[in-house]
Number of protein chains: 2
Amino acid sequence: MANPRKKGQSAQSSASLASRTQLIEAASDLMIERGTTDVTLSDISIRSGVNAALVKYYFGNKAGLQMALLRSRLAPGMAQLQHLAAMSASPLDKLRIHISGIVATYLRYPYVNRLMHELVREDDSYGKMIADEIARPVLDLQCAILEEGAALGVFKPVDPMMFYFHVIGACDQIFHGRYQLKFLFNVEEIDDDLRRRYVDHLYATLTHGIVIQNG
Amino acid sequence: MANPRKKGQSAQSSASLASRTQLIEAASDLMIERGTTDVTLSDISIRSGVNAALVKYYFGNKAGLQMALLRSRLAPGMAQLQHLAAMSASPLDKLRIHISGIVATYLRYPYVNRLMHELVREDDSYGKMIADEIARPVLDLQCAILEEGAALGVFKPVDPMMFYFHVIGACDQIFHGRYQLKFLFNVEEIDDDLRRRYVDHLYATLTHGIVIQNG
């Protein structure tokens, strides 16, 4: 027979989990719909049907909710990083899958980068958290790919720090600079075709450059 | 003999120019010192010794002052773009000078990019202004370099839009992601050596890629 006290606790904690999830989903939906991270707790509360006071209870403050949102959205990508590192594929294939994964995440959650920058500005402890939890696993994977490629005689020696900023900045820019997409190129939406062409360009250029080489 | 009315007007307009310049310089200094664009009109007024009400008079509002700051800081770079397009140098040399110029500007005025993104979020008309005045001349130069390189049989065919986002994002990221520099790589300051190494990496990778090619 179930212990009634335990049952009560578990019901309570699953209600708590549901409210937390509702708050996170509401914040994500509002940020996508409005194209901005500038969403108030009151908006999130109304959309989710969860009392705004519970944000403080579950997440400490708005920044805590934003950090939880980041974690929940980037979790699949983080799992993919682990999987990719262990995969039996060539360093070139791993690099392509990695670039494609970053671009796909930015396309799906266009607010992710802005949110990171806002949290970093909010407090240095978020900078450390984001660096440790999100940036370091990306860097570690890139280091492993670069080392593997160098060991196989496929890649030149590359400084992983330079490579890291180059890849992340390049993947990010088409999303971060959407107004340039609109006013310079007359493109209103990043669709799957544009996403694929951008990944193709980044992969081709990072690996082989734009200069015609004989060989 | 000078027309006294004209003389009076000219004295007035040079005082006005001085106040405008003082406001712009104060805003720039404060943003660099504090490492943030989050500087109030009252701070700018105190630092410059110019009455805050004059911001409204000269620039319309805070965003107008920020746009004037951007224009004044990027003017030398814009002039260099014109100069570079007309230079008799190889497309490869032009590309290296171009990358080096962007990185040098970001290093000198680290707030420039954040300011652009804030203005764009403020109002779409700023997005159009920034795209037309700042981004388009950059794109035009890159198109000219890519076309020249292709015509000489040096460059592969490259989509200028993809190339534009790739180059700008890569140049920007090491500055925009300073907290990653700090927490991932233990680097507190971007000095001239790091700047040079980053430009070398970007140029080498964009032109020849990381893959070892025989030829």
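Everything in this summary refers to the structure shown in the same document.

How each quantity is defined
Residues numbered from 1 in each chain as written. Chains lettered and ligands numbered in written order. Predicted model: local features only at pLDDT ≥ 70, side-chain atom pairs only at ≥ 80, totals over all residues. Heavy atoms only, no water. Least-squares fit on C-alpha atoms with pLDDT ≥ 70 in both. Contact = heavy atoms within 4.5 Å. Buried < 20%, exposed > 50% of the residue type's maximum accessible area, 1.4 Å probe, protein only. Helix = DSSP H or I, 4+ residues; strand = E, 2+ residues; numbered from the N terminus. Arc of directions from axis to C-beta. Phe/Tyr/Trp six-rings, centres within 6.5 Å; stacked < 30°, edge-to-face > 60°. Lys NZ or Arg CZ within 6 Å of the ring centre and 35° of its normal. Core = buried A, V, L, I, M, F, W, Y, C linked by side-chain atoms within 4.5 Å. Axes fitted to C-alpha atoms, helices over the stretch in contact; angles between N-to-C directions. Parallel < 35°, antiparallel > 145°, perpendicular 65-115°, else oblique. Left-handed = near helix turned anticlockwise from the far one by under 90°. Nonpolar A, V, L, I, M, F, W, Y, C, P; charged D, E, K, R; others polar.

**Focus: the relation of the copies chain B and chain A**
Rotating chain B by 180° about the axis while translating it 0.0 Å along that axis superimposes it on chain A, leaving an RMSD of 0.0 Å. Each copy turns onto its partner about a two-fold axis. Comparing interface residues between copies, 100% of those in chain B also lie at the interface in chain A; the contact surface is shared.

**What to know about helix α2 (residues 41-48) of chain A**
Because each turn of an α-helix spans 3.6 residues, side chains separated by three or four positions end up pointing in the same direction. Residue and element names in this part refer to chain A. For α2, the complete set of buried residues consists of Ile 44, Ser 45 and Ser 48. Buried residues of α2, viewed axially, fall in a sector of 100°; they line one side. One or two residues past the end of α2 sits Gly 49, with phi positive at roughly 75°.

**A few points about the packing of aromatic side chains**
All names here are of chain A. Tallied over the full model, the rule gives 14 aromatic pairs over all chains. Taken together, the ring pairs connect Tyr 57, Tyr 58 and Phe 59 into an aromatic cluster. Positioned over the ring face of Tyr 203 is Arg 96, at 4.4 Å from the centre of the ring.

**Brief notes about the nonpolar core**
The biggest cluster of nonpolar side chains holds 143 residues, and the ones touching the most others in it are Leu70(A), Ile99(A), Leu70(B) and Ile99(B). Residues in contact with Leu70(A), not counting those within four places in the same chain, are Val112(A), Leu115(A), Met116(A), Leu119(A), Ile130(A) and Ile134(A).

**Re the packing of helix α10 (residues 192-208) of chain A against helix α8 (residues 160-176) of chain B**
Running from N to C, α10(A) and α8(B) point in directions that differ by 65°, and their axes come no closer than 10 Å. In this view, α10(A) runs roughly perpendicular relative to α8(B), as classed from their interaxial angle. Considering how the two elements wind past one another, α10(A) and α8(B) form a crossing that is right-handed. Contacts between α10(A) and α8(B) involve Leu194(A), Arg197(A), Tyr198(A), His201(A), Leu202(A) and Thr205(A) from the first element and Met161(B), Met162(B), Phe163(B), Phe165(B) and His166(B) from the second. Among the residues forming the contact of α10(A) with α8(B), the class breakdown is 7 nonpolar, 3 polar and 1 charged.

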